[in-house]
Amino acid sequence: MLSESISKLVQYGMESGLTPSCEKNYTINLLLDIFKEDEYKEPEHTFTDIQLEEVLEELLDEAVKRGLITDSVVYRDLFDTRLMNCLMPRPSQVQKEFWDRYAESPEAATDYFYKLSQDSDYIRRYRVKKDQKWTVEGEYGDIDITINLSKPEKDPKAIAAAKNAKASSYPKCLLCPENEGYAGRVNHPARENHRIIPITVNDSPWGFQYSPYVYYNEHCIVFNSRHTPMKIERNTFVKLFDFVKLFPHYFLGSNADLPIVGGSILSHDHFQGGHYTFAMAKAQIEKHVTIPGYEDVEAGIVKWPLSVLRIRHKDEKRLIDLAAHVLEVWRGYTDEAAFVFAETDGEPHNTITPIARKVGDTFELDLTLRNNITTEEHPLGVYHPHAQYHHIKKENIGLIEVMGLAVLPARLKEELELLEEYILEGKDIASNEKIEKHAKWAAKFLPKYDSVTKENIHGILQKEVGIVFTHVLEDAGVYKCTPEGREAFMRFIEKL
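The numbering scheme is per chain: residues are counted from 1 as the chain's sequence reads. Restriction of local features to residues with pLDDT of at least 70 applies here, the model being predicted, together with a cutoff of 80 or more for giving and counting side-chain atom pairs; totals for whole chains, interfaces and linings are based on all residues. As a rule here, side-chain values cover all heavy atoms of the structure and leave hydrogens and water aside.

A. Expanded view of the overall build of the chain. Numbering of helices and strands runs from the N terminus, with a helix taken as a DSSP run of H or I at least four residues long and a strand as a DSSP run of E at least two residues long. Of the regular secondary structure elements, the chain holds 16 helices and 15 strands. Radius of gyration: C-alpha atoms only; globule rule: 2.2 Å multiplied by the number of residues to the exponent 0.38. Taking 2.2 N^0.38 as the reference for a compact globule, 496 residues should give roughly 23 Å; the C-alpha atoms of the chain span a radius of gyration of 25 Å, in line with that estimate. Across its three principal directions, the C-alpha atoms of the chain cover 80 × 60 × 45 Å. Relative to its full complement of 496 residues, the chain shows a buried share of 56%. By sequence separation, contacts in the chain at least 24 residues apart represent 64% of the contacts at least 6 residues apart. Where accessible areas are quoted, they stem from the Shrake-Rupley method and a 1.4 Å probe; at the residue level, only the protein chains shown are allowed to cover. Looking at the chain as shown, the accessible area adds up to about 22,700 Å², and 49% of this sits on carbon and sulfur atoms. Only four residue types enter the charge count: Lys and Arg as positive, Asp and Glu as negative, with His and the chain ends excluded. A single reference atom marks each charge: NZ on Lys, CZ on Arg, CG on Asp, CD on Glu. Looking at charge distribution, the chain has the averaged site of its 60 positive side-chain charges lying 2 Å from that of its 79 negative ones. Residue exposure (1.4 Å probe, protein chains only): buried if accessible area is under 20% of the type maximum, exposed if over 50%, otherwise partly exposed. Whether two residues are in contact is decided by their heavy atoms, any of which lying within 4.5 Å being enough.

In structure tokens, the structure reads:
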């Protein structure tokens, strides 16, 4: 049985291009060693159309049977990553292949690397496809919604083991280059099958990789090779355009550098990008503006729920200069009438979420104005999802959400299914503790529909989730899409 499963895995490696056929015996022996097995018998028949998930399941069950691992998703993930590394080319080989293909075109290089990152099971295709995804048409364009189901839930044993695990500072975080090849532990994922492409950004060493959770097509992460905190500054814009010049088919953006409006990892300087066009990128400029000293730069307010100033020019250096100027003015800008405060009690509030891209022969930079002030009424943030929408989205509005993709918690899958059932059967939504939080919402939107049936309830809920997320984005906008809001936005622009 073990020989057969190993044979299938090695065959998968050869068919996918991870493993050269001349390394077949070598790879078999690496796998035997992991299983502490001395014997191997070549199966009599050749396997084709191998499903990676099924083969890994067979091998993981065998590892549990042999007492090599505990039967838990955390330990299984650590072990199957080790197995996959046996099929993998060394980092230097991946880097050479990447740059050889880059000589053909940047697209050829990223196509190769994205496929490798999936074939290697670093991106677990069979988990990612479990994510629920849909789009909702609205006044700001087609908003993307995803319920993230690809991160496995830890079981109690693994949670207890992680709690008791010895504290470790290696690697310092999930973005450090030291993750490449790391075996992992109960409180840190295995990265033995992970490969990084070194690139030069702003004359310093950076790394390029894909996100294992791919929220959108070719979702990549670009990170500083040093563990240094995120900071939005002039050099941020230089770095963004250095990358876009290397890979003009990709956009690249940065989370803001302040809590509440920033990303989940502020301790390590990094960006996120990819080969995808979000609703924000498709949104048009609703009002063109001219900025003194930058009359040659096309600039304007974007028709988008967050407050976005778009600037465009064929020379990215002009955009870098202007962006640095906008950032400097915004950092120190206060407009009490619009409830914009640069700081309170010495704590800074204003920052920017920038997104860079190339459209044809023109560089484009979206500067999203952010503010993280809190009040008694809005303790999590005035420009953060308000409490009435927390039943759908309570988490920070980071770069991905800013661009128009809702990354919603896994709990919503079950909750929306229950909600469908309760609505169709006329049950009291408030009577179920799992979905009582949705009762007021349902009571508000249901009267809009003349008929709610088994055939249309799913679509109705998807549409209403999209409407809530649009309101969440409006909450995150410093300047609202109202005459008063646009007037206040223009007051800031006039200060530039």
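B. The arrangement of the side chain of H390 in detail. If you trace the backbone, H390 turns up in the loop between β14 (362-371) and α12 (399-402). With a relative accessible area of 17%, H390 lands in the buried category. Nitrogen and oxygen atoms within 3.5 Å of one another constitute a polar contact, given that in protein one can donate a hydrogen and the other can accept it, and given that sequence-neighbouring residues count only through two side-chain atoms. Separated by 2.8 Å, the side chain of H390 and the backbone oxygen of P385 make a polar contact. Residues in contact with H390, not counting those within four places in the same chain, are L380, H384, P385 and R411.

C. Representation of the state of the cysteines in the model. By convention in this document, the label disulfide applies to cysteine sulfur atom pairs within 2.5 Å. For the coordinates displayed, the defined rule picks out 0 disulfides. Looking at C86, it has no disulfide partner, and the nearest cysteine sulfur is the one in C22, 16 Å off.

D. Quick look at the sheet that holds strand β6 (residues 251-253). The 10 strands lie next to each other as β3-β4-β5-β7-β6-β13-β14-β10-β9-β8, forming an open sheet whose pairing is antiparallel. Edge positions in the sheet fall to β3 (197-201) and β8 (285-289), since each has one partner strand and no second. For this sheet, the mean inter-axis angle between neighbouring strands, taken without regard to orientation, is 25°. Two strands qualify as a pair provided that DSSP identifies no fewer than 2 bridges between them. Inspection of the sheet shows strand β9 (residues 298-302) paired to strand β10 (residues 308-313) by 4 bridges, in the antiparallel sense. Among the inter-strand pairings, G300 is bridged to a residue of β10, identified as R310. In this analysis an axis means a line fitted to C-alpha atoms, helices contributing only their contacting stretch, and an angle means the value between N-to-C directions, from 0 to 180 degrees. Along the sheet, helix α6 (residues 106-119) contacts β3 and β4 (204-210); its crossing angle with β4, the most-contacted strand, is approximately 60°.

E. Examining the layout of surface pockets more closely. A cavity here means a set of points on a 1 Å grid, drawn over the protein atoms and nothing else, where a 1.4 Å probe fits but cannot get out; a pocket is an open set with protein on both sides within 12 Å along at least five of seven lines, and a residue lines either one if it has an atom within 4 Å of a point. Grid points are joined across faces, edges and corners, and a volume is the space filled by probe spheres set on the points. When its volume is computed, the second largest pocket comes out at roughly 540 Å³. Taken together, 27 residues line the second largest pocket, and the ones lying closest to its centre are L18, L87, M88, P89 and R90. Breaking the lining of the second largest pocket down by element, the ones donating at least two residues are α2 (24-34), α5 (91-102) and α6. Across the lining of the second largest pocket, the residue classes tally to 12 nonpolar, 5 polar and 10 charged. Throughout, the ten residues Ala, Val, Leu, Ile, Met, Phe, Trp, Tyr, Cys and Pro are labelled nonpolar, Asp, Glu, Lys and Arg are labelled charged, and all others, Gly among them, are labelled polar.

F. A look at the side chain of H384. Structurally, H384 can be placed in the loop between β14 and α12. Classification of H384 by relative accessible area gives buried; the value is 3%. With sequence-adjacent residues up to four places away left out, H384 is seen in contact with I260, H390, K394, E395, N396, D475 and A476.

G. Representation of the sheet that holds strand β15 (residues 405-408) in the model. Ordered in space as β1-β2-β15, the 3 strands form an open sheet in which the pairing is mixed. On the outer flanks of this sheet lie β1 (132-138) and β15, each paired with one strand and no other. With direction set aside, neighbouring strand axes in the sheet form an average angle of 20°. Bridging between β1 and strand β2 (residues 141-147) involves 7 bridges; their strand directions are antiparallel. Among the inter-strand pairings, W134 is bridged to a residue of β2, identified as I145.

H. Examining the packing of aromatic side chains more closely. The criterion for an aromatic pair is that two Phe, Tyr or Trp rings (for Trp, the six-membered ring) have centres within 6.5 Å, with stacked assigned to planes under 30 degrees apart, edge-to-face to planes over 60 apart and tilted to the rest. With the rule as written, the count across this model stands at 33 aromatic pairs. Judged by centre distance (5.0 Å) and plane angle (80°), the rings of Y216 and F278 are edge-to-face. Within this pair, whereas Y216 is found in the loop between β4 and β5 (220-224), its partner F278 is found in the loop between β7 (270-274) and α10 (279-282), the two being separated by 62 residues in sequence. With respect to burial, Y216 and F278 carry one shared label: buried. Taken together, the ring pairs in this structure connect F98, W99, Y102, F113, Y114, F208, Y210, F243, F247 and Y250 into an aromatic cluster. Only when the NZ atom of a Lys or the CZ atom of an Arg is both within 6 Å of the ring centre and within 35 degrees of the ring normal do we say a charge sits over the ring. Looking at K8, its charged tip hangs above the ring of F47, at a distance of 5.4 Å from the centre.

I. Structural context of α6. Each residue after the first adds 1.5 Å to the expected span of a helix. For α6, built from 14 residues, the straight-helix expectation of 20 Å at 1.5 Å per residue is met to within 8% by its first-to-last C-alpha distance of 20 Å. Taking burial as the measure, the 14 residues of α6 include 11 buried ones, the bulk of the element. Within two residues after α6, D121 carries a phi angle of roughly 70°, on the positive side.

J. Representation of the packing of helix α1 (residues 2-16) against helix α3 (residues 52-65) in the model. Where α1 contacts α3, the two axes come as close as 10 Å, and the packing angle between them is 145°. The crossing of α1 and α3 is left-handed. On the side of α1, the interface is formed by L2, S5, I6, K8, L9 and Y12, while α3 contributes L52, V55, L56, E58, L59 and E62. Within the contact of α1 with α3, the residues separate by chemical class into 8 nonpolar, 1 polar and 3 charged. Crossing handedness: left-handed means the near helix sits turned counterclockwise from the far one by under a right angle, and right-handed means the same turn made clockwise.

K. Quick look at the nonpolar core. The definition of a nonpolar core used throughout is a set of buried Ala, Val, Leu, Ile, Met, Phe, Trp, Tyr and Cys residues joined through side-chain atoms within 4.5 Å. The biggest cluster of nonpolar side chains holds 95 residues, and the ones touching the most others in it are L9, F208, I311, L365, Y479 and F492. By residue number, the principal contributor to this core is helix α11 (residues 316-331), which donates 8 residues. Of all hydrophobic cores here, the second largest spans 51 residues; its members include I147, V402, L405 and L473.

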